[in-house]
Amino acid sequence: MKNPLLLAVFCLGIFLFIAFYFVSKALYKVRHSETYSFRHMFPYELNYPSVFKENLWGNLLFIFASFSVAVFYILNPYISIYRIIAIVISIIFTMILICLLLMPLYYLRTHLFLSVVSMTLALALPLFNLFLALGQYKIETEDVKRILCIVSMVVSGILALTMLALIMNPRLTFKIYLDKNVDSSGNEVLKRPKIIYLALTEWMAIFVYFLSPLSVLLISLI
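Computed from a prediction, not measured in an experiment: that's the story for all the values here.

Rules used throughout
- Residues numbered from 1 in each chain as written.
- Predicted model: local features only at pLDDT ≥ 70, side-chain atom pairs only at ≥ 80, totals over all residues.
- Heavy atoms only, no water.
- Helix = DSSP H or I, 4+ residues; strand = E, 2+ residues; numbered from the N terminus.
- Buried < 20%, exposed > 50% of the residue type's maximum accessible area, 1.4 Å probe, protein only.
- Contact = heavy atoms within 4.5 Å.
- 1 Å grid on protein atoms, 1.4 Å probe; cavity = no way out; pocket = protein on both sides within 12 Å on 5 of 7 lines; lining within 4 Å.
- Points joined across faces, edges and corners; volume = space filled by probe spheres on them.
- Core = buried A, V, L, I, M, F, W, Y, C linked by side-chain atoms within 4.5 Å.
- Salt bridge = Lys/Arg side-chain N within 4 Å of Asp/Glu carboxyl O.
- Expected span 1.5 Å × (residues − 1).

## A short note on the environment of P43
Examined against the element boundaries, P43 turns out to sit in the loop between α1 (4–32) and α2 (56–75). What makes P43 buried here is its relative accessible area of 1%. Distance in space between the C-alpha atoms of P43 and T141 is 44 Å, their sequence separation being 98 residues. Apart from the residues within four sequence positions on either side, P43 is in contact with Y36, L101, E202, W203 and I206.

Below, the structure written as structure tokens:
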């Protein structure tokens with residue numbers, strides 16, 4: 001492998017992110033006696049009712065994990081305009097995601113702005129990685145390296161298409177309506193829908209961010 005440090009940084013970022021999610025989820029259950037689900041809960045809710053201190057260790061893990069991704073792109077040895085743009089996107093993306101994690105819906109306009117920007121960057125980053133792999137494919141002469149470039153492009157394409165599909169989903173709306181149910185006493189109660197697509201898309205933007213280095217890593221294997 002050309003740069004084993006890239007693999008180490010990528011693995012560190014994934015490990016810290018997984019640790020963040022499960023630590024935050026466990027603390028959420030302790031506070032609220034309810035299991036957290038990213039399908040219908042927003043990232044910021046991991047900190048509810050506070051902003052930072054209620055989930056101190058989880059937030060610190062997320063911050064370190066996010067900066068690991070930015071460091072990965074900075075250490076990327078492939079010099080090209082796409083690599084430079086990817087570095088800029090990853091740094092901005094890191095700041096946006098940290099703010100999104102800490103920004104409750106109470107600040108609706110700010111939260112929605114951060115949400116839209118994160119979705120846009122989650123689409124842009126894998127696309128630039130795809131072009132990076134395409135550029136590398138054109139100059140490689142060895143079959144194995146060309147195959148890895150193709151796999152890299154496929155990974156980036158899947159991430160970009162997944163994000164695009166969620167963004168284009170007609171059910172993705174900033175207006176969230178609770179489901180009406182009747183309890184055993186005959187009283188009408190309001191419950192969250194099984195899927196809140198805005199929350200799911202915000203989480204998918206985060207997943208794409210942490211998985212996006214994989215396509216760059218693939219073309220660094222040999």
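## With respect to the side chain of S24
Mapped onto the fold, S24 is located in helix α1. Once you skip the residues sitting within four places of it in the chain, S24 turns out to touch L46, N55 and G58.

## Re empty space enclosed by the protein
Tallying each qualifying case throughout the model produces 2 cavities of 30 Å³ or more. Size it by volume and the largest cavity reaches roughly 40 Å³. Surrounding the largest cavity, V9, F10, G13, I14, S68, V69, F72, F210 and P213 form its lining. Put simply, the parts of the chain that give the lining of the largest cavity at least two residues each are α1 and α2. If you tally residues by element for the lining of the largest cavity, the top one is α1, at 4 residues.

## What about unusual backbone geometry?
With a phi angle near 55°, S33 is a residue other than glycine that sits in the positive phi range. In this structure, S33 sits in the loop between α1 and α2.

## Considerations on the nonpolar core
Counting 64 residues, the largest nonpolar core has F17, F62 and W203 as its most contacted members. Secondary structure elements with two or more residues in this core: α1, α2, α3 (81–102), α4 (108–139), α5 (143–168), α6 (197–211) and α7 (213–218). Here this core gets 12 residues from one element, more than from any other, and that element is α6. Those residues within four positions of F62 in sequence are excluded, and the remaining contacts are F17, F20, L97, I98, L101, I206 and F210.

## Remarks on the pattern of salt bridges
Enumeration over the complete set of coordinates arrives at 1 salt bridge. In this structure, E142 and K145 form a salt bridge, with 3.8 Å as the shortest nitrogen-oxygen distance.

## What to know about α2
Compared with the 28 Å implied by 1.5 Å per residue over 20 residues, the 29 Å span of α2 between its first and last C-alpha is a close match. Within the sequence span of α2, burial applies to G58, N59, F62, I63, A65, S66, S68, V69, A70, F72 and Y73. As for α2, its buried residues are in contact with α1, α3, α4, α6 and α7.

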